[in-house]
Amino acid sequence: MHVDVPLWYRDAIFYELPVKSFYDSNGDGIGDINGVRLKLDYLHALGADCLWLLPFYNSPMKDDGYDISDYYSIQPEYGTLDDFRLLLAEAHSRGMKIIADLVMNHCSDQHSWFREAVSSRESPRRQWFVWSDDASRYSGARIIFTDTEISNWAWEPRTKQYYWHRFYSHQPDLNYDNPEVREEMKNVMRFWLRMGLDGFRCDAVPYLFEREGTTCENLPETHAYFKEVRRMMEKEFPGTILLAEANQWPSDAKAYFGDQDEFHMAFNFPLMPRIFVALAKEDAYPIVNIVKEIIPIPEKCDWAIFLRNHDELTLEMVTSEERDIMYSEYARHPKMRLNIGIRRRLAPLLDNDRASLELVHALLLSLPGSPVLYYGDEIGMGDNIYLGDRNGVRTPMQWSYDRNAGFSSADTEQLFSPPITSPNYHYGNVNVDSENRLPTSMLNWVRKMLSVRKRYAQVMGRGSIKFLEHRNRHVLSYIRSYGEDRMLCIFNLSRKPTYLELSLPEFSGLRPVEAISGAQFPRIGDLPYFFTLHPRSFFWLGLTEPTGSDEEG
Ligand code: NOJ
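Q: How do you make sense of the overall build of the protein when you look at a structure like this?
A: Across its full length, the protein holds 17 helices and 23 strands. The C-alpha atoms of the protein give 24 Å as radius of gyration, which agrees with the globular expectation for 553 residues (24 Å, within 12%). Dimensions of the protein along its principal axes, counting C-alpha atoms only, are 80 × 55 × 45 Å. In the protein, of all internal contacts separated by at least 6 residues, the share reaching a separation of at least 24 is 68%. Accessible surface, the protein: about 21000 Å² in total, of which carbon and sulfur atoms supply 50%.

Q: Honestly, the site of the ligand in this entry has me stumped. Any pointers?
A: Within the structure, the ligand sits among Asp63, Tyr66, His106, Phe145, Phe167, Arg201, Asp203, Glu245, His310, Asp311, Arg390 and Arg394. Here Asp63 contributes a side-chain N or O atom positioned 2.6 Å from an oxygen atom of the ligand. His106 places a side-chain nitrogen or oxygen 2.9 Å from an oxygen atom of the ligand.

Q: When you look at helix H10 (residues 271–281) in this model, what are you seeing that I'm missing?
A: In an α-helix, one full turn covers 3.6 residues, which means residues spaced three or four apart are oriented alike. In terms of burial, H10 is largely enclosed, as 10 of its 11 residues are buried. Listed in full, the buried residues belonging to H10 are Leu271, Met272, Pro273, Arg274, Ile275, Phe276, Val277, Ala278, Leu279 and Ala280. Tucked inside the fold, the buried residues of H10 contact helix H11 (285–294), strand S12 (302–306), strand S13 (313–314), helix H12 (320–330), helix H13 (346–349) and helix H14 (354–366).

Q: How do you make sense of the packing of aromatic side chains when you look at a structure like this?
A: Two numbers describe a pair of aromatic rings. These are the distance of the centres and the angle of the planes. Tallied over the entire structure, the rule returns 50 aromatic pairs. Arranged with centres 6.1 Å apart and planes meeting at 65 degrees, the rings of Phe538 and Trp540 form a pair that is edge-to-face. Taken together, Phe56, Tyr57, Tyr71, Tyr72, Phe84, Trp113, Trp128, Phe191 and Trp192 form an aromatic cluster joined through their ring pairs. Just above the ring of Trp8 sits the side chain of Lys97; from NZ or CZ to the centre is 5.0 Å. Between the NZ or CZ atom of Arg345 and the centre of the ring of Tyr375, over which it lies, the distance is 4.6 Å.

Q: How should I be thinking about the state of the cysteines in this particular structure?
A: Two cysteines form a disulfide when their sulfur atoms are joined by a covalent bond. Taken as a whole and judged by the stated rule, the model has zero disulfides. Looking at Cys107, it has no disulfide partner, and the nearest cysteine sulfur is the one in Cys202, 16 Å off. For Cys107, a relative accessible area of 0% corresponds to the buried category.

Q: What is the right way to read the sheet that holds strand S7 (residues 153–156) from this model?
A: In space, the three strands of this open sheet follow the order S6-S8-S7, with antiparallel pairing throughout. Each edge of the open sheet carries a strand with a single partner, namely strand S6 (131–132) and S7. Pairing of S6 with strand S8 (residues 161–164), which is carried by two bridges, proceeds in the antiparallel orientation. Counted as the bridge partner of Trp131 is Tyr163 from S8.

Calculation rules
- Throughout this description, residue numbers start from 1 for each chain and increase along the sequence as written.
- Where totals are concerned, whole chains, interfaces and linings use all residues; where local detail is concerned, this predicted model gives features only for residues with pLDDT of at least 70, and gives and counts side-chain atom pairs only at 80 or more.
- Working from all heavy atoms in the structure, the side-chain values ignore hydrogens and water.
- Segments assigned H or I by DSSP are reported as helices when at least four residues long, segments assigned E as strands when at least two residues long, and all are numbered from the N terminus.
- With C-alpha atoms as the basis for the radius of gyration, the globule rule is written as 2.2 Å multiplied by the number of residues raised to the power 0.38.
- Contact criterion: two residues are considered in contact whenever any of their non-hydrogen atoms come within 4.5 Å of each other.
- Residue-level accessible areas treat just the shown protein chains as cover; the underlying method is Shrake-Rupley with a 1.4 Å probe.
- Any residue with a non-hydrogen atom lying within 4 Å of a molecule or strand is treated as near it.
- Polar contact is the term for a pair of N or O atoms within 3.5 Å; when the atoms are in protein, one must be able to donate a hydrogen and the other to accept it, and sequence-neighboring residues count only if both atoms are side-chain atoms.
- Residue exposure (1.4 Å probe, protein chains only): buried if accessible area is under 20% of the type maximum, exposed if over 50%, otherwise partly exposed.
- Aromatic rings from Phe, Tyr and Trp, with only the six-membered ring used for Trp, were paired whenever their centres fell within 6.5 Å, and each pair was classed as stacked if the ring planes differed by under 30 degrees, edge-to-face if by over 60, and tilted otherwise.
- Only lysine NZ and arginine CZ atoms are considered, and such an atom sits over a ring when it is within 6 Å of the ring centre and within 35 degrees of the ring normal.
- Whenever a pair of cysteine sulfur atoms sits within 2.5 Å, that pair is classed as a disulfide.
- Strands are labelled as partners when DSSP assigns at least two bridges between them.

Any functional reading would require information beyond the geometric quantities listed.
Pasting the structure below:
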């Protein structure tokens, strides 16, 4: 990394992984912390600067660890606290960072806090949760898991009251009006930060508080609490970060940056689905429009931009017209849908079309924000829509064409999930080992692109963006600038070849140099610059002052 260390997250490439799915070091069929550690060299060579680990805390695993039953320990199958310390140390020794998912809004109904709370209405833990005699309170709050839940209230038969839950009913919401809860969650954070963790991806941040007559999302109390958390982290653990999972419309999502005193980063949920809409419509407008809405943001903050993650591709923050396009283009089979979203991986979403896969990666790496890759997408892994819930996008990482995709030495029946064996994505073919050996593989291409992105980390990570005016709606083009550095990015979103005439008077005299290969293009003059573009192709062109030795052509 090149610039101020405390702003490391602005230049970083993030890599998201579920511990369970990555690598099984002890042959029990389940990935573990030591497994992640053993694969650090792979991740480092790929170009990951910061790992985001999905929840690894003790849990009954009814929501894959987002149902925590003890915030201070690790799920035994995943390893021990010592294993985790070692992972941190080895990541840090390679200059890599690690952030962990932290589920603050709710815990598991198996957590001792909830068990105590339901033991009697007089329990001292009772007020750690949100109770009601009737299920009509807070009716303005939407239901998130629409396929499974019909209410945000669940009946507790023993103490005969309803408790509040925004997600599965086995995930009771914690009561943030209770100062004990607020303090306890800070203590949880201190525990992991003291160990050397570099920050948190905070789960479900909009929902911490409830207020009658509101949607119970993004309330001022929630912002105030995160500001308090930020103050604590800045004082006690400088350099650590908070990343918000707030699946919200642009203005509400932006609010989580506060005045540079709340979250350092927030996922760019508004942008993500619009990249896919733009491809489906072969039209740059959805991307241009949303990027204009989501910037600017405060200088020390950044969007975390992503294409896919461990959940369904959420369509909550798009218009109904956009949703229809998404479903008809990307989710023709009913099993591809879940809640308000599409549970597929990147490669299958794009019909495994290499040009489209490269195009979306080039967008991810050049739009404003820090890219977050989802494990397996770098090798073009497939999914399994026949597995329940979101499990089809969390299958074992494919390391080689050996038994169990090289993920585990267990009997195949023992694996937490079958590896992908469908013909087009079979692990025999789609795996790290084979792709390492094929110079033109997706993996080698992604690795190369990440290294190019790092070379231009400042302009891509911190530069301003300006969309260029032209008459071809199939083509998205923008200039990223930072100091003297300028990168011209051009994307043909269409399935057909096309051409583009760009008027670039302010860059007259400069020479475009293709960023991946270093190929030089003719100098920009006073006439419009002309490009021909293959279907779904792109250019990243550094604009440089020509030197005396430059030759045309
Ligand atoms: C968002 C997480 O990404 C998702 O996987 C989880 O089910 C919910 N929050 C509830 O914690």
